[in-house]
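Results of the structural survey
The primary structure of each chain is shown beneath.
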Amino acid sequence: MLFYIGLIGVVTVISYIMNDIPTYPLLEVFSNTNTNTNHIILVLGSNDKTMLKDRMNTAVSMSANITGPITWFLSGGVKNDNGIHMYEESESTKMMALLNNNKKKTIILDSKSSNTAENFAHFKYWLNTNGESYTHLTIVTSAFHYSRANTMFNEMVEPGDMEVNWGLGSFSCPTCWADERLHIRNISNDVNNAMFII
């Protein structure tokens, strides 16, 4: 009887822990093309609507120079403020709305990521499990965010033979550059936590 009660306690603790680990599929796929693509545009989200639009405008502008279909990987979830959703709609869903008039495309929505490291962790998971091969990757973010994002990308993702380019939006908030100096101190911790989720 004592063993049975102890076993129930262990199962309860494991269930509690497992509830905090995301289950796959974390990504949604929308496709308007049956043609394989060889170019990925990865857009990193932002909870600032103006910054998000600037990043998407940068991405759409860059896509005009790409011939053929594109796989869009839109990464950004719903931000929380002390457990309360700041927005009802994920960043990736907002980004998808800005692509309605774009050329034939496949869209991958990552609506679970809550920071830059998780953006790359979910991208890495998708890249390693989707069975396709790509020749080009364009990562789009803001200019102030580039240094941290590039460091995380290089630590987390093995691009293989893909040519990697960056597109940098110019919009910046009054404290963005100063805030970024603080975030850079947490790169190792953020990367380690994000790699746990995949």
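Coordinates for the structure precede this section.
Keep in mind the model is a prediction, meaning the values are calculated, not measured. (Residues numbered from 1 in each chain as written. Predicted model: local features only at pLDDT ≥ 70, side-chain atom pairs only at ≥ 80, totals over all residues. Heavy atoms only, no water.)

Brief notes about the nonpolar core
Looking at soluble globular proteins, one finds that nonpolar side chains tend to be buried together. Judged by nonpolar contacts, the single largest core of 25 residues is most densely connected at I40, F120, F123 and M156. It is helix α4 (residues 116-129) that contributes the most residues to this core, 6 residues altogether. If we ignore the near neighbours within four places in the chain, the residues touching F123 are I40, L42, F73, L137 and V157. Within the second largest apolar cluster, 11 residues are counted, among which are I41, M56, I107 and V140. (Core = buried A, V, L, I, M, F, W, Y, C linked by side-chain atoms within 4.5 Å. Buried < 20%, exposed > 50% of the residue type's maximum accessible area, 1.4 Å probe, protein only. Helix = DSSP H or I, 4+ residues; strand = E, 2+ residues; numbered from the N terminus. Contact = heavy atoms within 4.5 Å.)

Observations regarding the pattern of salt bridges
Scanning the model with the defined rule gives 2 salt bridges in all. Residue K124 is joined to E158 by a salt bridge in which the shortest nitrogen-to-oxygen separation is 3.4 Å. Of this pair, K124 sits in helix α4 while E158 sits in the loop between α5 (146-156) and β8 (163-169), and the two are 34 residues apart along the sequence. With a relative accessible area of 15%, K124 lands in the buried category. Judged by its relative accessible area of 51%, E158 is exposed. (Salt bridge = Lys/Arg side-chain N within 4 Å of Asp/Glu carboxyl O.)

Observations concerning the side chain of T138
Mapped onto the elements of the fold, T138 is located in strand β7 (residues 136-142). In terms of polar contacts, T138 uses its side chain to reach the side chain of H39, at 2.9 Å. Beyond its immediate chain neighbours, meaning those up to four positions away, T138 contacts H39, I40, I41, L42, M62, N165 and G167. (Polar contact = N/O pair within 3.5 Å; in protein donor to acceptor, adjacent residues only side chain to side chain.)

Purely geometric numbers; function is a separate question.
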